[in-house]
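Chain by chain, the residues run as shown.
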Amino acid sequence: MKFLSDNAARVHPKVWKAMMAADAPDSPYDGDGLSLELDARFSALFGRDCAALWVATGTAANCLALSAMVEPHGAVICHREAHIEMDEGGAPGFYLHGAKLLLAGGEGAKIAPDAIAEVIDPIRDGVHQVQPHAISITQASEYGRVYRPDELAALADFARDRELGLHMDGARFANAAAFLGGSAEMTAGGVDALSFGMVKNGAMSAEAIVFFDRSMAEKVRFRRKRAGHLQSKGRYLAAQILAMLESDLWLDNARAANAAAAEIAAAAGDRLLHPVEANEIFLTSTAAERLALREQGFAFYDWGDHAARLVTAWDSREDHVAALAQAIAGL
C-alpha cells in the first residue's frame, strides 16, 4: 500500500489510449498535428492567449521556463524549500548557466512579497552583486499549501513593480486547481510562465510549459533543442497532454487524489503539521509509530526524525486509503 509519491502512480488508461492513437506517421519533432493543437487548447483552458511546449520532465520544465527570464548573471528568488532548490540536483544553475537562487522564507513553503523584498532590497544596484531577475513559486507548495487568488495577485503586482519575471512550478497544479474550485486561470494568477504538471497526475512522460508571453516561448524553443528535450516523436508527448486536458481529466484525477488525502487527514487529527489542501499529508510521528505503519504494509517517506510524508494519487485505492486512515487513527 504505497503512499510514497504521486510520481509512482499508474498511467491513466485514457493516456495510453491516446498514445496508441498517435502511433501513426506524422511530422517529426513538434511539427505534428497534436503538438500544433497545444497552443489553442491551453489558450481555451486559461481564457487568454498562450503558447505551450512539451518536455519530458518537471525539472526541465521549470528550468527552461526560467531560462527565458533569467540571464546567467542574474538570480531567481524562491522559497528555501522549493523544489528547484532542494530536489533538482543543481539543474537551475546548469540550465541558467550559473544564475543564482536567492532563498526566502514563508509559512507552508509559500512566499509573499514582503519576504521577497527582505531578500532583494539589500542588494546594491551594480555589477558587483547578483541582480534579481525572476520569482519562482510552487502551486501547490512543497507542503501541499495552495496560493489563493489574492496572494497570486499581490505577487504579480510586486513582480511587475520590480520588473521581475514570475514563474510557477505547477507539478501539482491540478491539485491546487481542484482545491480552488477548478479554474485554471484563477489557480495560475498573473504568472508569466507555468510548468503545468502532468506526470504526477496520470501522464507517463510529458509535462507542459505554458507561456503567457509568446516571446518567451520562441526563446525556449531553441533552448529546448539545445537541452536535448526536442524529442523526434513529440506527438507522443502531445498526445498525453491533450488526453489529460480532454473532458477535464486533469481535474478529475486531482479531485480523486485530494479526496483521498482529505480522508487520511481527517483521521490524523492534531498530528497534522500543515493543513491538507492538495494531496500531501505531513504528520508528526515517532520512529516506533512509523515502523508500526510499515509493518502493516504502508510505504511512505520519513520527513526528518519526527514526521512522515504521505502522498495520495489519482489511482489511490479506496480500501488502501481507508486502511491507512484507520491505522493512523489507532496510533
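Residues numbered from 1 in each chain as written. Predicted model: local features only at pLDDT ≥ 70, side-chain atom pairs only at ≥ 80, totals over all residues. Heavy atoms only, no water.

Chemist: Explain the sheet that holds strand β7 (residues 207-211) to me, using residue names and the numbers behind them.
Modeler: One open sheet holds the seven strands; their spatial order is β1-β7-β6-β5-β4-β2-β3, and the pairing between them is mixed. On the outer flanks of this sheet lie β1 (51-55) and β3 (100-104), each paired with one strand and no other. Mean inter-strand twist for the sheet, computed between neighbouring axes without regard to direction, equals 25 degrees. Along the sheet face, helix α6 (residues 113-120) touches β2 (74-79), β3 and β4 (131-138) and points at about 125 degrees away from the line of β3. (Pairing = 2+ DSSP bridges. Helix = DSSP H or I, 4+ residues; strand = E, 2+ residues; numbered from the N terminus. Axes fitted to C-alpha atoms, helices over the stretch in contact; angles between N-to-C directions. Contact = heavy atoms within 4.5 Å.)

Chemist: Residue-level account of the packing of α6 against helix α7 (residues 149-162), with values.
Modeler: α7 packs onto α6 with a crossing angle of 30 degrees between their chain directions and a minimal axis gap of 10 Å. One way to sum up the angle between α6 and α7 is to call them roughly parallel. Along its contact with α6, which presents P113, I116, A117 and I120, the element α7 presents A154, L155, F158 and R162. Class assignment of the residues belonging to the contact of α6 with α7 gives a composition of seven nonpolar, no polar and one charged. (Parallel < 35°, antiparallel > 145°, perpendicular 65-115°, else oblique. Nonpolar A, V, L, I, M, F, W, Y, C, P; charged D, E, K, R; others polar.)

Chemist: Run through the packing of helix α2 (residues 38-46) against helix α11 (residues 235-245), naming residues and quoting values.
Modeler: At their nearest, the axes of α2 and α11 sit 11 Å apart, and the two run at 25 degrees to each other. With respect to each other, α2 and α11 are oriented roughly parallel. When you trace α2 past α11, the crossing you get is left-handed. Only A238, I241, L242 and L245 of α11 make contact with α2, whose side of the interface consists of L38, R41, F42 and L45. (Left-handed = near helix turned anticlockwise from the far one by under 90°.)

Chemist: Hey, could you go over the pattern of salt bridges for me, with residue numbers and the actual values?
Modeler: Under the defined criterion, the tally for this structure stands at 23 salt bridges. Of the charged contacts, one joins R214 and D39 as a salt bridge, the two residues approaching to 3.3 Å between their closest N and O atoms. Placement of the pair is R214 in helix α10 (residues 214-226) and D39 in helix α2, with a sequence separation of 175 residues. In this structure, the salt-bridge partner of D319 is R317, at a minimum N-O distance of 2.6 Å. Counted as one network, the salt bridges with shared partners bring together D6, R172, E280 and R309. (Salt bridge = Lys/Arg side-chain N within 4 Å of Asp/Glu carboxyl O.)

Chemist: Describe the sheet that holds strand β8 (residues 280-284), listing the residues and the values that go with them.
Modeler: In spatial order, the strands read β8-β10-β9; together these three strands make up an open sheet with antiparallel pairing. Strand pairing shows two members of the sheet lacking a second neighbour, β8 and β9 (301-302), which therefore form its edges. Examined bridge by bridge, β8 and strand β10 (residues 307-311) share five bridges and lie antiparallel to one another. Pairing of I281 across the sheet is with L310, part of β10.

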